[in-house]
Amino acid sequence: DAGVTQSPTHLIKTRGQHVTLRCSPISGHKSVSWYQQVLGQGPQFIFQYYEKEERGRGNFPDRFSARQFPNYSSELNVNALLLGDSALYLCASSLDGSSYGYTFGSGTRLTVV
Amino acid sequence: QKEVEQDPGPLSVPEGAIVSLNCTYSNSAFQYFMWYRQYSRKGPELLMYTYSSGNKEDGRFTAQVDKSSKYISLFIRDSQPSDSATYLCAMSAGSGYALNFGKGTSLLVTP
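The following refers to the structure shown. Since we're looking at a predicted model, the values are computed, not measured. Numbering of residues begins from 1 in every chain and follows the order in which that chain's sequence is written. In the order they appear in the text, chains get letters beginning with A and ligands get numbers beginning with 1. In view of the model being predicted, local features appear only for residues whose pLDDT reaches at least 70, and side-chain atom pairs are presented and counted only at 80 or more, with totals across whole chains, interfaces and linings using the full set of residues. Each side-chain value is worked out from all heavy atoms of the structure, with water and hydrogens disregarded.

1. Topic: the pattern of salt bridges
Opposite charge on two side chains makes pairing possible when the charged atoms of those side chains draw close.
So, point 1. The term salt bridge refers to a pairing of a side-chain nitrogen on Lys or Arg with a carboxyl oxygen on Asp or Glu at a separation within 4 Å. Per the stated rule, a full pass over the model turns up eight salt bridges over all chains.
So, point 2. Here Arg37(B) ties to Glu45(B) by a salt bridge, and the two come within 3.2 Å at their closest N and O atoms.
So, point 3. Each of Arg22(A), Arg67(A) and Glu75(A) takes part in salt bridges that share partners, so that together they form one network.

What follows is the structure, given as structure tokens:
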């Protein structure tokens, strides 16, 4: 059984650029959440989607946006990248959005130079 | 003050030792308490999940929640080198709510 798949695994971007990160949930899971993990810190909540609707948004600027597609996969977009956006971006899927039912992917490591 | 506080360590113990990991929190609305293990360059993996106060045991792992003190613990018995990882506590106010994580405690179990 495939787990949560994230792509790309690593990427390097320049300040001011735009980036799109992708996530495929576990088959049958209808909810996807995005978290940002800065080095040495715990993950911080960015967005949650359930059945293609935004269910929650963390304390992140409007440069961050996301969407969920009919097949339940998801994209996280970040515009006007800042050095401080360098982090591990984690996608978690769950059957119904239950916070105790998350399965995390291995993440996308974004470096902004 | 962050809602969830966790000592980042590092914590180094000999193989076979009992490990105690702890978190404190300030938000009395938290109802769901979780412990995740994260290996280097990997995503967090759920170890234990507890609803409200009480104890829960799973093999070598025991999770305790004391809501009156706003304090949660994870105990690892007979620790193994393969337990070397970062341990993250996480909590939420309800099912479907976002997780609030601690910073994580780095654990090293030496042979």
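2. Here we look at the pairing of strand β5 (residues 44–50) of chain A
All names here are of chain A.
So, point 1. Residue exposure (1.4 Å probe, protein chains only): buried if accessible area is under 20% of the type maximum, exposed if over 50%, otherwise partly exposed. Secondary structure follows DSSP: runs of H or I at least 4 residues long count as helices, runs of E at least 2 residues long count as strands, and numbering of each begins at the N terminus. Taken across its seven residues, β5 has five buried, putting it largely inside the fold.
So, point 2. Only when DSSP finds a minimum of two bridges between them are two strands counted as paired. One ladder, built from six bridges, connects strand β4 (residues 31–37) with β5; its direction is antiparallel. Across the sheet, residue Val 32 finds its bridge partner in β5, namely Tyr 49.
So, point 3. The hairpin turn running from β4 into β5, its antiparallel successor, is six residues long, and Gly 40 in that turn takes a positive phi close to 85°.
So, point 4. Where β5 meets strand β6 (residues 53–57), four bridges bridge the pair, whose relative direction is antiparallel. Directly across from Phe 47, in β6, lies its bridge partner Arg 57.

3. Some details on the nonpolar core
So, point 1. By nonpolar core we mean a set of buried residues, namely Ala, Val, Leu, Ile, Met, Phe, Trp, Tyr and Cys, connected to one another through side-chain atoms within 4.5 Å. By size, the foremost hydrophobic cluster in this structure holds 24 residues, and its most contacted members are Trp35(B), Ile72(B), Leu74(B), Ile76(B), Tyr87(B) and Met91(B).
So, point 2. For this core, the elements supplying multiple residues, two or more each, are β3 (19–25), β4 (32–38), β5 (45–51), β7 (61–66), β8 (71–76), β9 (85–92) and β11 (105–110) of chain B.
So, point 3. Look past the residues within four positions of Ile76(B) in its chain and what remains in contact with it is Ala17(B), Ile18(B), Val19(B), Leu21(B), Arg60(B), Phe61(B), Asp83(B), Tyr87(B) and Leu107(B).
So, point 4. Membership of the second largest hydrophobic core comes to 22 residues, among which are Leu11(A), Cys23(A), Val78(A) and Leu81(A). In what follows, a contact means two residues having at least one pair of non-hydrogen atoms within 4.5 Å.

4. Section: the layout of surface pockets
So, point 1. Roughly 390 Å³ of internal volume is contained in the largest pocket.
So, point 2. The rule is simple: put a 1 Å grid over the protein atoms alone, call a set of points where a 1.4 Å probe fits but cannot get out a cavity, call an open set with protein on both sides within 12 Å along at least five of seven lines a pocket, and count a residue as lining if it has an atom within 4 Å of a point. Around the largest pocket, the lining comprises 19 residues; the ones closest to its centre are Gln37(A), Leu39(A), Gly40(A), Gln38(B) and Thr86(B).
So, point 3. The set of elements that each furnish at least two residues to the lining of the largest pocket consists of β9 and β11 of chain B.
So, point 4. For this classification, the nonpolar set comprises Ala, Val, Leu, Ile, Met, Phe, Trp, Tyr, Cys and Pro, the charged set comprises Asp, Glu, Lys and Arg, and every other residue, Gly included, is treated as polar. When grouped by side-chain class, the residues that make up the lining of the largest pocket number six nonpolar, nine polar and four charged. Grid points are joined across faces, edges and corners, and a volume is the space filled by probe spheres set on the points.

5. Regarding the pairing of strand β7 (residues 64–68) of chain A
Residue and element names in this part refer to chain A.
So, point 1. Taking every second residue as pointing to the same face, the buried face of β7 carries Phe 64, Ala 66 and Gln 68, while none of Ser 65 and Arg 67 on the other face is buried.
So, point 2. Both β7 and strand β8 (residues 74–78) contribute to a ladder of five bridges, which runs antiparallel. Bridging across to β8, Gln 68 finds its partner in Ser 74.
So, point 3. In sequence, β7 turns back onto β8 through a hairpin of five residues, with Tyr 72 there showing a positive phi of about 75°.

6. Concerning the side chain of Glu75(A)
So, point 1. You can see Glu75(A) is positioned in strand β8.
So, point 2. Residue Glu75(A) is classed as buried on the basis of its relative accessible area of 11%.

7. Describing the state of the cysteines
So, point 1. When the sulfur atoms of two cysteines come within 2.5 Å, that pair is taken as a disulfide. This structure, assessed with the given rule, holds two disulfides over all chains.
So, point 2. For Cys23(A), the disulfide goes to Cys91(A), at an S-S distance of 1.8 Å. As the torsion about the S-S bond is roughly -60°, the Cys23(A)-Cys91(A) disulfide counts as left-handed. Placement of the pair is Cys23(A) in strand β3 (residues 19–24) and Cys91(A) in strand β9 (residues 87–94), with a sequence separation of 68 residues. With respect to burial, Cys23(A) and Cys91(A) carry one shared label: buried.
So, point 3. Here Cys23(B) engages in a disulfide with Cys89(B); their sulfurs sit 2.0 Å apart. Disulfide Cys23(B) to Cys89(B): torsion about the S-S bond roughly -100°, handedness left-handed.

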